[in-house]
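Here are the chains, one letter per residue:
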There are 4 protein chains.
Amino acid sequence: MQIGIVGLGRMGGNIGRRLMRGGHSCVVYDHNPDATQALAAEGATGAGDLGDLVGKLAVPRVIWLMLPAGKITEDTLNDLHNLLGADDVVIDGGNSFYKDDIRRAAQFRELGVHYVDVGTSGGVWGLERGYCMMIGGEEEAVRRIDPILSVLAPHRGDIPLTPGREGRDPRVEQGYMHTGPVGSGHFVKMVHNGIEYGLMQAYAEGFHILKHKASPDLPPEQRYDIDLADVAEVWRRGSVVSSWLLDLTAGALAQDGSLDHFSTEVADSGEGRWTIEAAIEEAVPAQVLSAALYTRFKSRDAEAFPERLLSAMRFGFGGHKEFPVK
Amino acid sequence: MQIGIVGLGRMGGNIGRRLMRGGHSCVVYDHNPDATQALAAEGATGAGDLGDLVGKLAVPRVIWLMLPAGKITEDTLNDLHNLLGADDVVIDGGNSFYKDDIRRAAQFRELGVHYVDVGTSGGVWGLERGYCMMIGGEEEAVRRIDPILSVLAPHRGDIPLTPGREGRDPRVEQGYMHTGPVGSGHFVKMVHNGIEYGLMQAYAEGFHILKHKASPDLPPEQRYDIDLADVAEVWRRGSVVSSWLLDLTAGALAQDGSLDHFSTEVADSGEGRWTIEAAIEEAVPAQVLSAALYTRFKSRDAEAFPERLLSAMRFGFGGHKEFPVK
Amino acid sequence: MQIGIVGLGRMGGNIGRRLMRGGHSCVVYDHNPDATQALAAEGATGAGDLGDLVGKLAVPRVIWLMLPAGKITEDTLNDLHNLLGADDVVIDGGNSFYKDDIRRAAQFRELGVHYVDVGTSGGVWGLERGYCMMIGGEEEAVRRIDPILSVLAPHRGDIPLTPGREGRDPRVEQGYMHTGPVGSGHFVKMVHNGIEYGLMQAYAEGFHILKHKASPDLPPEQRYDIDLADVAEVWRRGSVVSSWLLDLTAGALAQDGSLDHFSTEVADSGEGRWTIEAAIEEAVPAQVLSAALYTRFKSRDAEAFPERLLSAMRFGFGGHKEFPVK
Amino acid sequence: MQIGIVGLGRMGGNIGRRLMRGGHSCVVYDHNPDATQALAAEGATGAGDLGDLVGKLAVPRVIWLMLPAGKITEDTLNDLHNLLGADDVVIDGGNSFYKDDIRRAAQFRELGVHYVDVGTSGGVWGLERGYCMMIGGEEEAVRRIDPILSVLAPHRGDIPLTPGREGRDPRVEQGYMHTGPVGSGHFVKMVHNGIEYGLMQAYAEGFHILKHKASPDLPPEQRYDIDLADVAEVWRRGSVVSSWLLDLTAGALAQDGSLDHFSTEVADSGEGRWTIEAAIEEAVPAQVLSAALYTRFKSRDAEAFPERLLSAMRFGFGGHKEFPVK
């Protein structure tokens, strides 16, 4: 089927490629003409602006947005609100906040436009591995775009079936799921990323403990100089902690066990934060997910005011020599 | 080759089976004669006691202990100390504390006995999937038992090779690793379990947030009734959080999404605790791994004294009606 | 001066009493006529409804709201919006969210009404000890109500002056502070409560460790049966952890060291949650404040779904006997 | 009475001074002769070495050690073991690990020497405010040194009595407590310090949230520029979070709100770590106390390996530009 794609970055471009490989026809637009041109060279129909893209799509249209969450997505949806009409489907495949989906869907519903939110996992590997998708929206709209979803999805692959799933929605085993009403796709994807932070931090702490076991601060008889790349590799087979994140860890450590050329400042995105806010709204304890988020905040806090305050208190009660520091 | 196995529980029995399938010859002993008998019926040579087992092994002997960490392992090693001689190899494949390994190895070294510690992951799945093993000990002893290790290991399977590993120890890609001197095998396995706690808790918190999104405590327009079994399943393919623990989660939820028949009290073993102690000895922050351990402690704390103290303080300053409770 | 007070609960009633003791004249209203009547019997002028209260105040009026945050406060402010006029001052002394203050102040500003937000700490002790107040609003309005604030405040008392405060705002040493523009009073009070949660949890954990040192689960030689009431008391003098919360703890434990009659379920209010949300908005790590909040969430989670999920995973990989539970 | 004091640093010297002010006679020794000389100039009897000190004390002797925990304390106690005899009392007033107390007391008991452990809080303020003391040891020995303890203690002061303490040990209200058998004094002091870490971190996080509310990263309408020194001061009177640590915070901030001259690296002592180890031994959750300890570890971790690992994983799955860093 025909689909419009807006936003041709790392994710959007590859989504277009995977759809074209699957036999779909793509009309594409990026605010950077080079990106549009690149995909056009691979078989897509390039569009010069949003209006051009909308005009080149047969009605009822299907448009997939793959843009950074926030202002760009908001502006683009506002523009589309003026361009689309009854029975069109607009899909936000980015990382939008689910409460924004609910608001936006209501606005589009007034025009008869169907709004679908798709949480899309897979990163730069999606072109090859496929995209794990969590989809919120009306049943009818989700069914209509199934030809697209089924191509983008990872499919069963060599991952064994889970016993007890007989009679359950077979799409799920292909790697895509209709999670519920509008917003629920991004909500599930948000929690997915929250979990991701927790998993990553668990590995990071564990490898830190392994690495520091060689520290000269320890008594000599308690030191081990453990090859972290080998540890990551050995855990990939038969261990309880095997995972895709561990595969990536093994790859990074095999290149350079010091990781010296990687940043000590770790970014976080809206989804990690919103997960904690959702936990708080629900009164659900999220000790691990929060701790993981906070270590990222801390990694970027060069000022270290709270630590200075601790030093000030220590100086206050104990005369500890935290003061003065030159 | 010939090997003695002491301890034929869930793990030890299957280790024997996997070794026999691999062509090795096993002399086995369990304090429960039925367990010994069962393995003997499958081809092993049964022994009536430790001395019998030692006597039935050709020198130099190789003996694998697969016993609960603590007193039973300690007592058995003490008994073996009186039975073994120069060039014998004794392997502790259980979950012993690595500092105990160091102490025990020194005692055996005086006899010329080689002590090897093997951290063994794989649980009830090991017979089929193989055992991921982390091995501490002298190079020579570890080489000598390689025929055993290579059979027990999971092997490469269909898990893709990690780029950049050219020229590295090929045993690691088979799922077993010589981690360093005595104790290091159990140390690495200990951290493995610490990470395991963190990973598990990350999933648990994330699924809790998903589940509670259906809570009647939330405003109706903010509720989603999300199928958790399907979420676990969909994340298995193409998502960043895919892992073996997620596979198990998907399996459990597919059987019964309520999980009502599982215990609300979660056990912890020595390894999770020792991991935190190691972190503290190394001055390494372990926010996530500790938080994961503490939720298990909390799950078994029916008395709830700290919560009562919070209520008492709240009553003290605010007259909050925490008092009295009938 | 004359002041109107709306809301005569634990806090509002005592605020009226303290103001009257300080020579001010109060017009009071509560939706419960008995509460209005009670304060009228102590010298206040009772009002039958909001309109009556407004009518009984000389212009320009000063009205203090002491109502539960949320709907009641919102509704009352909406009603007052129709009743007040230029130069009136409306004070929200409750625990409102500071972003609501900003919104409400803008609405009142259109009428020429000054909106002041006061974060009020002191609980049931305020009548006697005075109220620590954090005040947001325009300089002029805050100055105008200074006669009220200076009476409500705790005053210097026997708390020693802080060296280095020469030349600083003397109101602060009386226990009230103009924190900045509208909303800032409630913002500072919000963080105050966030800190309060952290402090309380620190004590709760420490006393738990002391108490459990008598546990029969420990080896006999490692047990101490420590008198917690005495510990709390001894720390009140000369120790680094002395505080008012410790005073309250000492009082509660002196009554009954078991605390058996206090609730195991600990409530939390908006302010603890908003503090974490503010931390997340600011990308400030809040490990301790979050952990404190989550233990309260956990105290009320009877369902224990995450723990069941951990048990399910443990059963999945290890055959641990978490299953089935009768 | 007469007492020997070994170790005349910040704590030991002032303990001697406070005892002499209280009418006691001190024989003092420090490995630094200047320190010995200084106290001798104030009325103490100086000793040239441990043997000299022991010789100058009338039997049965009382000796107070105020030395850094660890090797110095251990060595000095070993030396004293050769010098003391039946009915002497040796007091470890430092911050020793309570399990060391238990071991050492048994060794001294063989000589008929009584070993008393005193956890001493008060820091550089103790000379003036007195020392809050937690005392472990046999009833008889603790009674014998009561004249010393009662002078060192802070006494009641102007801190109000706690209702409900009628009939309880009056020493406690003077600021010293016989906590139980040997080791219990240091155990209670250890937990005291664990709590102290938690309290300090709660304040540090709260003030960080207040400070960062002025950050240019926030939308302009959500910024407040709050005077932190004033906030600390205002909370000292009538608020729920008033404490001695807050007093110290107010003092530090009044000097210089930026705290720029204080260290960003925060030390930790054995007691904070042992508290967590005790919690783990007891299976008591210590979320807040651990988190507080870890922020100190983190403050000194310049290598930031775990953060690099997170960046490496992010690069691995998302192509995030964490790589390369120059």
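Within any chain, residue numbers begin from 1 and follow the written order of that chain's sequence. Throughout, the order in which chains and ligands are written sets their labels, letters from A for the former and numbers from 1 for the latter. Totals for whole chains, interfaces and linings use every residue, but because this is a predicted model, local features are given only for residues with pLDDT of at least 70 and side-chain atom pairs only at 80 or more, for both listing and counting. Heavy atoms throughout the structure, all of them, feed into the side-chain values; hydrogens and water do not.

## What to know about the sheet that holds strand β2 (residues 25-29) of chain A
All names here are of chain A.
Argument step 1. Between any two strands, at least two bridges found by DSSP are needed for them to pair. Secondary structure counts use DSSP, requiring at least four H or I residues in a row for a helix and at least two E residues in a row for a strand, with both numbered from the N terminus. The mixed open sheet is built from eight strands, whose spatial order is β3-β2-β1-β4-β5-β6-β7-β8. Looking at the sheet topology across the chains shown, the edges are occupied by β3 (45-46) and β8 (176-180).
Argument step 2. Pairing analysis gives three bridges linking strand β1 (residues 2-6) to strand β4 (residues 62-65), with the strands arranged parallel. For Val6, the partnering residue across the bridge sits in β4 and is Leu65.
Argument step 3. The contact criterion used is simple: two residues touch if any of their non-hydrogen atoms lie within 4.5 Å. Geometry is summarised by axes, namely lines fitted to C-alpha atoms with helices restricted to the contacting stretch, and by angles between N-to-C directions that run from 0 to 180 degrees. Packed onto the sheet, helix α1 (residues 10-21) meets β1, β2, β4 and β6 (114-121) and runs at close to 165° relative to β1.
Argument step 4. Of the strands in this sheet, β5 (89-92) and β6 touch helix α5 (residues 98-109), which is tilted by about 150° from β6.

## So, the relation of the copies chain A and chain B
Argument step 1. Note on the identical chains: chain A maps onto chain B by a rotation of 180° and an axial translation of 0.0 Å, with an RMSD of 0.0 Å. Overall, the copies show the geometry of a two-fold rotation axis. Relative to the rotation axis, the C-alpha of Ser243 of chain A is the closest in chain A, positioned 1.9 Å from it.
Argument step 2. The fraction of interface residues of chain A whose copies in chain B are also interface residues reaches 100%, indicating that both copies meet through the same surface. Only residues with pLDDT of at least 70 in both copies count here: their C-alpha atoms drive the least-squares fit that superposes the copies.

## Some words on the environment of Pro160 of chain B
Argument step 1. One can find Pro160 of chain B in the loop between α8 (146-152) and α9 (170-173).
Argument step 2. A relative accessible area of 54% places Pro160 of chain B in the exposed class.
Argument step 3. For the pair Pro160 of chain B and Asp101 of chain B, spaced 59 residues apart in sequence, the C-alpha separation works out to 34 Å.
Argument step 4. Other than its neighbours up to four places away in sequence, Pro160 of chain B contacts Arg236 and Arg237 of chain A. When accessible area is computed with a 1.4 Å probe and restricted to protein chains, residues below 20% of their type maximum are described as buried, those above 50% as exposed, and intermediate ones as partly exposed.

## What about the domain arrangement of chain A?
Residue and element names in this part refer to chain A.
Argument step 1. The assigned domain composition of chain A is domain 1 (2-181) and domain 2 (189-302).
Argument step 2. The straight-line distance from the C-alpha centre of domain 1 to that of domain 2 is 31 Å.
Argument step 3. In this complex, domain 1 contributes 11 residues to the contact, which on the side of domain 2 involves eight residues.
Argument step 4. Buried area between domain 1 and domain 2, both sides added, is near 890 Å², and the carbon and sulfur share of it is 64%.
Argument step 5. The three residues of domain 1 that bury the most area against domain 2 are Asn95, Phe97 and Arg129, which together make up 43% of that side's buried surface.
Argument step 6. In what follows, salt bridge is the name for a side-chain nitrogen of Lys or Arg lying within 4 Å of a carboxyl oxygen of Asp or Glu. Inspection of the domain 1/domain 2 interface yields one salt bridge.
Argument step 7. A salt bridge links Glu281 to Lys99; the nearest nitrogen and oxygen atoms lie 2.6 Å apart. By convention here, the domain bounds are inherited from an automatic or database domain assignment. Buried area counts how much accessible surface, traced with a 1.4 Å probe, disappears from two parts once they are put together, with both parts' losses summed.

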